Amino acid sequence: MSPPARSRPSLRDDPVARRALLDCFPLFVPAIPFALVLGVAITESAMPTAIAWSTNIFVFAGAAQLATVSLAATATWLTLVATAAVINLRHVMYSAAMAPRFTEQPTWFRWVGPFFLIDQMFALGMARPELSNSDWRRYYLTAGIFFFSSWNVLVTLGLVLGSAIPTEWRLDVAPAIMFAGIVVLGVTNRPGIVAAVVGAGVCFIALDVPNNGGILLGAIAGVLAGYVADVVLDRSSHGPHPLAADGTDPT
Amino acid sequence: MSSFAAASAVLVVGLITYASRAGMIVFLADRPVPTNVTRALRYVGPAVLSALSVNLLAGGDGIGGVTAIESAAVVAGIVTVAATRNLIASIAVGMTTLWLLLWLT
């Protein structure tokens with residue numbers, strides 16, 4: 001009689017994978033309406049439906065996906081791509097912050113892991129410093145695969161629902177409400193409010209700029225305004241510069 | 001938008017998305033990002049998403065495309081999410097406001 005083959009632990013027996021799924025749940029619930037709105041937006045998109053749906057596979061980034069499928073009707077190819085690229089700039093920050101956690105991981109994981117680096121994965125990945133490298137890798141992949149598969153199911157559900165809803169319901173307005181809501185949820189300090197207000201204001205003034213150029217102008221103005229507000233508020237909260245008091249350069 | 005233009009846009013956006021996520025992890029893992037850059041990147045999200053919301057409101061028709069009814073729906077959504085921190089409630093209140101105003105006018 002041969003000894004039983006050693007198998008990988010099932011999900012039920014693997015506390016790390018179970019922990020990952022439990023941690024995913026509260027972060028995934030707020031993404032459900034977004035996925036449904038995206039599904040509806042795909043049905044309203046000027047892109048062929050299958051190609052718009054394929055953003056789930058090739059892009060897997062809610063805000064960039066929604067921008068891509070929503071702007072297809074009005075923007076040029078270049079504006080559409082540039083807008084999605086600017087939206088994704090925050091991922092550079094995530095990537096920089098997560099890099100130390102990846103330095104001792106196998107090469108294949110350093111290439112595969114970033115594909116799953118959505119907002120929620122950044123929050124989860126940074127939240128478990130106590131896990132060993134191999135446990136963290138399993139935790140990260142479990143969460144990433146969960147988000148990817150759930151996202152695909154829900155967006156498809158939204159697509160099916162969207163096809164059945166008449167255009168008089170004006171669901172094309174939902175993405176604008178959704179983006180505004182995400183901004184409100186994401187802004188946590190005064191420079192963030194400045195960035196959002198200036199971004200929206202400049203975009204509004206520049207709405208007649210050809211090729212939807214107002215989005216990029218608003219984005220650039222908003223980032224600059226947020227940065228300046230951050231520096232100014234930071235300086236004022238630390239009091240006057242010592243150089244002004246005694247004439248010596250503290251650096 | 002033609003199928004070719006749409007497919008190529010999706011692929012390029014996908015590549016850019018992956019590059020922005022993988023760049024620091026795969027290629028620049030040992031180099032620190034300048035503090036000023038990190039500081040500015042924090043404001044990319046609010047700036048670009050608020051601009052995008054305004055642009056989608058206009059629907060590609062310039063300033064003339066922004067109607068009072070749609071703006072009221074977005075404002076109702078903003079007030080709701082600020083009060084409840086709940087996106088589902090925001091969409092529900094925003095769309096209900098839109099439907100009510102469309103029905104009344």
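Residues numbered from 1 in each chain as written. Chains lettered and ligands numbered in written order. Predicted model: local features only at pLDDT ≥ 70, side-chain atom pairs only at ≥ 80, totals over all residues.

A. Highlighting the overall build of chain A. Within chain A, the secondary structure is distributed over 14 helices and zero strands. Secondary structure elements in chain A, listed N-terminal to C-terminal, are α-α-α-α-α-α-α-α-α-α-α-α-α-α. In chain A, buried positions account for 47% of the 251 residues. (Helix = DSSP H or I, 4+ residues; strand = E, 2+ residues; numbered from the N terminus. Buried ≥ 20, exposed ≤ 12 C-beta atoms within 10 Å, placed from the backbone.)

B. Focus on the domain arrangement of chain A. Residue and element names in this part refer to chain A. The assigned domain composition of chain A is domain 1 (12–173) and domain 2 (187–236). Of note, the centres of domain 1 and domain 2, computed from C-alpha atoms alone, are 25 Å apart. Taken together, the contacts link eight residues of domain 1 with six residues of domain 2. With four residues, the single largest contributor to the side of domain 1 that touches domain 2 is helix H6 (residues 77–87). (Domains from an automatic or database assignment. Contact = placed C-beta atoms within 7 Å.)

C. Seen up close, the packing of helix H2 (residues 31–44) of chain A against helix H10 (residues 133–164) of chain A. All names here are of chain A. The geometry of H2 relative to H10 is characterised by a closest axis approach of 7 Å and an angle of 50° between their N-to-C directions. Classified by the angle their axes make, H2 and H10 are oblique. For H2 against H10, the interelement crossing comes out right-handed. Where H2 abuts H10, its residues Ile32, Ala35, Leu36, Val37, Leu38, Gly39, Val40, Ile42, Thr43 and Glu44 lie against Trp151, Leu154, Val155, Thr156, Leu157, Gly158, Leu159, Leu161, Gly162 and Ser163. In the contact of H2 with H10, the residues fall into 13 nonpolar, six polar and one charged. (Axes fitted to C-alpha atoms, helices over the stretch in contact; angles between N-to-C directions. Parallel < 35°, antiparallel > 145°, perpendicular 65-115°, else oblique. Left-handed = near helix turned anticlockwise from the far one by under 90°. Nonpolar A, V, L, I, M, F, W, Y, C, P; charged D, E, K, R; others polar.)

D. Summary view of helix H4 (residues 68–84) of chain B. Taking 1.5 Å of rise per residue, 17 residues should cover 24 Å, and H4(B) covers 24 Å from first to last C-alpha, within 8% of that figure. B:Glu70, B:Ala73, B:Val74, B:Ala76, B:Gly77, B:Thr80 and B:Val81 are the residues of H4(B) that are buried. The arc enclosing the buried residues of H4(B), seen along the axis, measures out at 155°, which places them on a common side. Those residues of H4(B) that are exposed and aimed more than 90 degrees away from the buried face are B:Ala68 and B:Ala83. Where H4(B) is buried, its residues meet helix H11 (174–186) of chain A together with helix H3 (44–58) and helix H5 (87–104) of chain B. Phi turns positive, to about 55°, at B:Arg85, one or two residues after H4(B). (Expected span 1.5 Å × (residues − 1). Arc of directions from axis to C-beta.)

E. Looking closely at the nonpolar core. A:Val37, A:Ile177, A:Phe179, B:Ala47, B:Val48 and B:Ala51 are the most contacted members of the largest nonpolar core, which has 111 residues in total. Taken domain by domain, the makeup of this core includes at least three residues from each of domain 1 (12–173) and domain 2 (187–236) of chain A. Filtering out sequence-adjacent residues up to four positions away, B:Ala47 remains in contact with A:Ala195, A:Ala196, A:Gly199, A:Gly218, A:Ala219, A:Gly222, A:Val223 and A:Gly226. (Core = buried A, V, L, I, M, F, W, Y, C linked by C-beta atoms within 7 Å.)

F. Structural detail: H6(A). If you check which residues of H6(A) are buried, you get A:Leu80, A:Val81, A:Ala82, A:Thr83, A:Ala84, A:Val86 and A:Ile87. Those residues of H6(A) that are buried are in contact with helix H5 (62–71), helix H7 (89–102) and helix H13 (213–237) of chain A together with helix H1 (3–27) and H3 of chain B.

G. Looking closely at unusual backbone geometry. Positioned with a positive phi, A:Phe60 is a non-glycine residue whose angle comes to about 50°. Residue position: A:Phe60 is located in the loop between helix H4 (55–58) and H5. Phi at B:Arg85 takes a positive value of approximately 55°, unusual for a residue other than glycine. With respect to the helices, strands and loops of the structure, B:Arg85 is situated in the loop between H4 and H5.

H. Main features of the environment of A:Val173. Position of A:Val173 relative to the elements: it lies in the loop between H10 and H11. Beyond its immediate chain neighbours, meaning those up to four positions away, A:Val173 contacts B:Glu70, B:Ala73 and B:Leu98.

I. Main features of the packing of helix H1 (residues 15–28) of chain A against helix H9 (residues 119–127) of chain A. Residue and element names in this part refer to chain A. Where H1 meets H9, the axes come as close as 10 Å, and the angle between the chain directions of the two elements is 140°. The angle between the axes of H1 and H9 places the two elements in the oblique class. In this structure, H1 crosses over H9, and the sense of that crossing is right-handed. Contacts between H1 and H9 involve Asp23, Leu27 and Phe28 from the first element and Gln120, Ala123 and Leu124 from the second. For the contact of H1 with H9, a count of residues per class yields four nonpolar, one polar and one charged.

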